[in-house]
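Chains, contacts and geometry: an overview
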Amino acid sequence: GRAKSRGASAVHEVPGLDNFVFYFDSQVEDIETEINKPEVSLYGFTTDFAFFSVVSPGQSVWDGVFSTVEQFNKAQYLILVPIRDLYKIVETTNSTQNKKIFFLQHTDRCGSTLVTAMFKRLPDMQVFSVPESLYSAYYLYHVHKAVSLDQYKNMVRAAVSIHCLTPHKMVFFKLNSVACTSQMNMLYDLFPHSRTVFLSRNSTDVISSMTRIIGTHSQSCRLLGWSRDSLVNDGVWATEKHNIPRDIAGILLHNWTACMEALDAAKMPVKAFTYEALVADPKEFAEEILRFFDIPDKHVGDMVKAMEMDSQKGTRVSRSNLKPIKSA
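The rules we used
- Residues numbered from 1 in each chain as written.
- Predicted model: local features only at pLDDT ≥ 70, side-chain atom pairs only at ≥ 80, totals over all residues.
- Heavy atoms only, no water.
- Core = buried A, V, L, I, M, F, W, Y, C linked by side-chain atoms within 4.5 Å.
- Buried < 20%, exposed > 50% of the residue type's maximum accessible area, 1.4 Å probe, protein only.
- Helix = DSSP H or I, 4+ residues; strand = E, 2+ residues; numbered from the N terminus.
- Contact = heavy atoms within 4.5 Å.
- Phe/Tyr/Trp six-rings, centres within 6.5 Å; stacked < 30°, edge-to-face > 60°.
- Lys NZ or Arg CZ within 6 Å of the ring centre and 35° of its normal.
- Expected span 1.5 Å × (residues − 1).
- Salt bridge = Lys/Arg side-chain N within 4 Å of Asp/Glu carboxyl O.
- Pairing = 2+ DSSP bridges.
- Axes fitted to C-alpha atoms, helices over the stretch in contact; angles between N-to-C directions.
- Disulfide = S-S within 2.5 Å.
- Parallel < 35°, antiparallel > 145°, perpendicular 65-115°, else oblique.
- Left-handed = near helix turned anticlockwise from the far one by under 90°.
- Nonpolar A, V, L, I, M, F, W, Y, C, P; charged D, E, K, R; others polar.

One broad trend across soluble globular proteins is that nonpolar side chains are buried collectively. Ranked by internal contacts, the top residues of the largest apolar core, which has 46 residues, are Phe45, Phe52, Leu86, Val160 and Ile162. Counting residues per element, this core draws most heavily on helix H6 (residues 149-163), at 7 residues. Residues contacting Phe52, with those up to four places away along its chain left out, are Ile35, Val40, Ser41, Leu42, Tyr43, Tyr77, Leu78, Ile79, Val81, Leu86 and Ile162. Membership of the second largest hydrophobic core comes to 25 residues, among which are Leu104, Met118, Leu278 and Leu290.

Take a look at the structure:
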């Protein structure tokens, strides 16, 4: 069925069903037809339902910097689909069979949004920038411990498959750092024809950049009740909590290390790139990643033009919004 929200803006850019006030609006007669509409996008999961964000016709949630925020802020209402019905659609559509599927895993604050902006410039490429769906499945399994491993895998399979309903021949997923990095091998098992790249940056600069974000938005963090303990309890680490350090810098280093360990544990060929290589020679970087994906390089020049603008413009983490780092 359909459920409407208050239409409020996302408060802290980690939206979920708790941000919505529900009331029943109407029944969806043909679920498969409805979720194939371009204004309808898979948002996330509960243990029993998959929920879809519905925006106004003509709008897209995939054109913005972060898909999750767009799905919340533009939502006119949600469609709730029993998860068993969603799985039936996944089985009958076989949407991934003729798609080239690419995953971008990363360490955060390493140019991943810039690389995503580069791929948005390619024709016949649908780009999903941090879709909530895969993180939602992760959260149910690792944080809430509300689903089994098999249920978790089914949700991940469904998330990628539903996103692949797009008419585009190629799909590119920029995933959540750490949380979805832990899904690297699972995604390969589910979609063995997919290809994965990994983008990293040296740990010192990642921690410095993340600390800059926290310092810039410290008041918002306090208002939202964010603390070290809340970050750990509700956070994005597929590791035992007692292994997580007490200080914020230690937590950030812990996350970076978890990402690099996931890369080392990858069971399939993963092409590793660095932020440093990206900024040193963007053209060579673009050519190399396209070769790995087996994509013609005739649009490299257009991809490199993405370097000319702030890829996170309009968000809270844009360069214009972040405070400068104070020198010691």
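The full count for this structure, using the stated rule, is 12 aromatic pairs. Seen in terms of ring centroids, Phe119 and Phe293 are 5.7 Å apart; in terms of plane orientation they differ by 65 degrees. Their pairing is edge-to-face. With Phe119 in helix H4 (residues 112-119) and Phe293 in helix H13 (residues 282-293), this residue pair connects regions lying 174 residues apart in the sequence. As far as the burial class goes, Phe119 and Phe293 line up, both buried. Residues Tyr141 and Tyr152 carry aromatic rings whose centres are separated by 4.7 Å and whose planes lie at 10 degrees to one another, so their mutual orientation is stacked. With Tyr141 in helix H5 (residues 132-143) and Tyr152 in helix H6, the pair connects residues that are 11 residues apart, well separated along the chain. The exposure class assigned to Tyr141 is partly exposed, which follows from its relative accessible area of 25%. Put simply, the rings of Phe102, Phe119, Phe172, Phe292 and Phe293 touch in pairs and so form one group of aromatic residues. A cation over a ring is seen here: Arg201 above Tyr275, with NZ or CZ 4.2 Å from the ring centre.

Turning to the side chain of Ser67, a few remarks are in order. Turning to its location among the elements, Ser67 is positioned in helix H2 (residues 67-73). Those residues in contact with Ser67, other than ones at most four positions away along the chain, are Val61, Trp62, Phe128, Ser129 and Val130.

What follows is about H6. Along its 15 residues, H6 runs 21 Å from first to last C-alpha, staying within 8% of the 21 Å computed at 1.5 Å per residue. All buried positions along H6 are accounted for by Tyr152, Met155, Val156, Ala158, Ala159, Val160, Ser161, Ile162 and His163.

A full pass over the atoms with the stated rule returns 6 salt bridges. Glu34 is the partner of Lys37 in a salt bridge, and the nearest nitrogen-oxygen pair spans 3.3 Å. Looking at Glu34, the relative accessible area reads 9%, which means it is buried. Across the pair Glu288 and Lys271 runs a salt bridge whose closest N-O atoms are separated by 3.0 Å. With Glu288 in helix H13 and Lys271 in strand S9 (residues 270-274), the pair connects residues that are 17 residues apart, well separated along the chain. Relative accessible area serves as the criterion here: at 26%, Glu288 is assigned to the partly exposed category.

Here we take up unusual backbone geometry. Phi is positive for Asn94, which is not a glycine, with a value near 50 degrees. Position of Asn94 among the secondary structure elements: in the loop between helix H3 (83-93) and strand S5 (100-106). The residue Asp108 is not glycine, and still its phi comes out positive at about 75 degrees. Looking at the element boundaries, Asp108 is found in the loop between S5 and H4. Exposure remark for Asp108: the relative accessible area of 30% places this residue in the partly exposed category.

Pairing in this open sheet of 5 strands is parallel, and the strands run S6-S7-S5-S8-S9 from one edge to the other. Edge strands, defined here as strands with exactly one partner in the open sheet, are strand S6 (125-129) and S9. With strand direction ignored, the average angle separating the axes of adjacent strands in the sheet is 20 degrees. As paired strands, S6 and strand S7 (residues 170-174) are joined by 5 bridges and run parallel to one another. Following the sheet pairing, Met125 is matched in S7 by Met170.

Here we take up the pairing of S6. Taken across its 5 residues, S6 has 5 buried, putting it largely inside the fold. What you see with S6 is no split at all: Met125, Val127 and Ser129 on one side and Gln126 and Phe128 on the other are buried throughout.

Turning to the state of the cysteines, a few remarks are in order. Inspection of the entire model under this criterion finds 0 disulfides. This cysteine, Cys110, is not joined by any disulfide, and Cys259 carries the nearest cysteine sulfur, 8.4 Å off.

Take the packing of H3 against H6 next. For the pair H3 and H6, interaxial distance at closest approach is 10 Å and the crossing angle is 55 degrees. By the angle class used here, H3 and H6 are oblique. The hand of the H3/H6 crossing is left-handed. Side by side, H3 and H6 meet where Ile83, Leu86, Tyr87, Ile89 and Val90 of the first sit next to Gln151, Asn154, Met155, Ala158, Ser161 and Ile162 of the second. Of the residues assigned to the contact of H3 with H6, the class counts are 8 nonpolar, 3 polar and no charged.

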